[in-house]
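Understanding the architecture of this molecule
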Amino acid sequence: MRRAFKFAAVVSLIGSAWLAGFIAWNWAPDRSVAELAARWAQPPSKFIALQNMQVHLRDEGPRDDPLPIVLLHGTSASLHTWDDWVAALKASRRVIRMDLPGFGLTGPFPDNDYRLPRYSRFVQELMDQLGVARFILVGNSFGGQIALQVTLDQPARISQLILVDSAGYPLAPTSVPIAFQLARLPFINRIANIALPRHIVENSVRNVYGDPGRVTPELIDRYYELTLREGNRAALTARLEQVNVEEMAARIPQIKVPTLILWGGRDRLIPPDAAQRFARDIAGSELVMFDDLGHVPHEEAPDRTLTAMRKFLKTSLAGGAG
């Protein structure tokens, strides 16, 4: 018994020493908005007050556009995921994107409520503040799930809906980024709030690309540094605990606005079966599959995905949908 006790004590000591060393080696405390903004909030970024937050926003293009395009990013991403789309669109279209609460430079919801109706109210109140009555709504991944909620809550405000590898149904992933796995593990997610190896973020980003070779060091910098924004890591854990996917799935057939579904055929987080289900459940929707792309096709191949989006908008507007 004494020998077993000594062995357990040695193992515990070694484990504690390893954990202390891991934390020391991968020490990554929260970073302030002021520290991060110098790199990630260059013009035309601005911050506007809404719901007791300072929302990081970019609003570009002609203000007389009757149907602005509103872009919603996915989990652990930021408004920067749409950079290439906006660069191509802003000459002729008003394009609005923001860091959703819990992510990027906007940071956490003050009330720690990350349910879909809360996000829907946020998007609608932001559009109210910007004077946008009706708009084209685009969402990737979790941003697509929010877009679905907004459309269900206020269908008259949405001219067209574009879902890009959208969440909405219970997940059946073939591979989950390690960063998401860690965020769901009690105790481990608390350690991740102070110690985050950069290679974990790198592996997670590579995991969602159809071709990991397209992932650049600057892209890893962006995902990693914005994850460190004060409060974002705890917010991710809270969000993953709160979203009710089953309730959303039951309501998707209620979507009646013209809808385009863009999907990466190599998406392992939300595989293409979900795209087919969206196409079945949303009457009259159009599905475009990109066989070689992953979970963020707009980021991986902006030109090709934009071509499909523009064709859809032209056709649906010509048909009187807008």
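As a starting point, this report considers the structure included with it. (Residues numbered from 1 in each chain as written. Predicted model: local features only at pLDDT ≥ 70, side-chain atom pairs only at ≥ 80, totals over all residues. Heavy atoms only, no water.)

Quick look at the overall build of the chain
Summing up its helical and strand segments, the chain has 14 helices and eight strands in all. Per-residue burial for the chain yields a buried fraction of 55% across its 322 residues. (Helix = DSSP H or I, 4+ residues; strand = E, 2+ residues; numbered from the N terminus. Buried < 20%, exposed > 50% of the residue type's maximum accessible area, 1.4 Å probe, protein only.)

Observations concerning helix H12 (residues 272-281)
Every buried residue belonging to H12 is among Ala274, Ala275 and Phe278, and all of these are buried. The arc that holds every buried residue of H12, seen down its axis, measures 105°, which confines them to one face. Residues of H12 that are exposed and point more than 90 degrees away from the buried face comprise Asp273 and Arg280. Where the residues of H12 are buried, they touch helix H5 (142-153), strand E6 (158-164), strand E7 (259-264) and strand E8 (286-290). (Arc of directions from axis to C-beta. Contact = heavy atoms within 4.5 Å.)

What to know about the pairing of strand E2 (residues 53-60)
Most of E2 is tucked away, with seven of its eight residues classed as buried. Connecting the antiparallel pair strand E1 (residues 46-50) and E2 is a turn made up of two residues, with glutamine 51 showing a positive phi of about 50°. Two strands pair when backbone bridges link them, and E2 and strand E4 (residues 95-98) are joined in this way by four bridges, in the antiparallel orientation. Looking across to E4, one finds that glutamate 60 is bridged to valine 95. (Pairing = 2+ DSSP bridges.)

Comments concerning the environment of arginine 115
When you line up the elements, arginine 115 lands in the loop between E4 and helix H4 (116-130). For arginine 115, a relative accessible area of 48% puts it in the partly exposed group.

Re the nonpolar core
Counting residues in each nonpolar core, the largest one holds 53 residues, and the members touching the most others are Met98 and Phe122. Sequence-distant contacts of phenylalanine 122, that is, excluding residues within four places in its chain, are made with Leu50, Gln51, Met53, Val55, Met98, Leu100, Pro101 and Phe109. Among the nonpolar cores identified, the runner-up in size contains 23 residues, and Leu71, Val164, Ala301 and Phe312 belong to it. (Core = buried A, V, L, I, M, F, W, Y, C linked by side-chain atoms within 4.5 Å.)

A look at the packing of aromatic side chains
A full pass over the atoms with the stated rule returns eight aromatic pairs. With centroids separated by 5.1 Å and ring planes inclined at 65°, the aromatic side chains of phenylalanine 109 and tyrosine 119 adopt a geometry described as edge-to-face. Taken as a pair, phenylalanine 109 in the loop between E4 and H4 and tyrosine 119 in helix H4 lie far apart in primary sequence, ten residues in all. Ring plane angle 45° and centroid distance 6.3 Å describe the contact between tyrosine 114 and tyrosine 119, whose orientation is recorded as tilted. For the pair shown, tyrosine 114 and tyrosine 119 are each scored as buried. An aromatic cluster is defined as three or more aromatic residues linked by ring pairs; in this entry it consists of Phe109, Tyr114, Tyr119, Phe122 and Phe142. Above the face of the phenylalanine 142 ring, arginine 239 is positioned so that its terminal group lies 3.8 Å from the ring centre. (Phe/Tyr/Trp six-rings, centres within 6.5 Å; stacked < 30°, edge-to-face > 60°. Lys NZ or Arg CZ within 6 Å of the ring centre and 35° of its normal.)

What to know about the pattern of salt bridges
Two side chains with opposite charge may pair up if their charged atoms get near one another. Within the structure shown, the criterion is met by 19 salt bridges. With a shortest N-O distance of 3.3 Å, arginine 39 and aspartate 221 are connected by a salt bridge. With arginine 39 in helix H2 (residues 33-40) and aspartate 221 in helix H9 (residues 217-227), this residue pair connects regions lying 182 residues apart in the sequence. For arginine 304, the salt bridge identified is with aspartate 292, shortest N-O distance 2.8 Å. Taken together, the residues span a long stretch of sequence, with arginine 304 in helix H14 (residues 302-318) and aspartate 292 in the loop between E8 and helix H13 (297-300) at a distance of twelve residues. Since its relative accessible area comes to 38%, arginine 304 is described here as partly exposed. Its relative accessible area of 24% is what places aspartate 292 among the partly exposed residues. (Salt bridge = Lys/Arg side-chain N within 4 Å of Asp/Glu carboxyl O.)

Some points on the packing of H2 against H9
What describes two packed helices is the angle between their axes and the distance between those same axes. Following both chains from N to C, one finds H2 and H9 inclined at 160°, their axes separated by 11 Å at the closest point. What the angle tells us is that H2 and H9 run roughly antiparallel. Note that H2 runs across H9; the crossing there is left-handed. Contact with H2, carried on its side by Leu36, Arg39 and Trp40, involves Glu218, Asp221, Arg222, Glu225 and Leu226 of H9 and no other residues of that element. Of the residues belonging to the contact of H2 with H9, the class tally is three nonpolar, no polar and five charged. (Axes fitted to C-alpha atoms, helices over the stretch in contact; angles between N-to-C directions. Parallel < 35°, antiparallel > 145°, perpendicular 65-115°, else oblique. Left-handed = near helix turned anticlockwise from the far one by under 90°. Nonpolar A, V, L, I, M, F, W, Y, C, P; charged D, E, K, R; others polar.)

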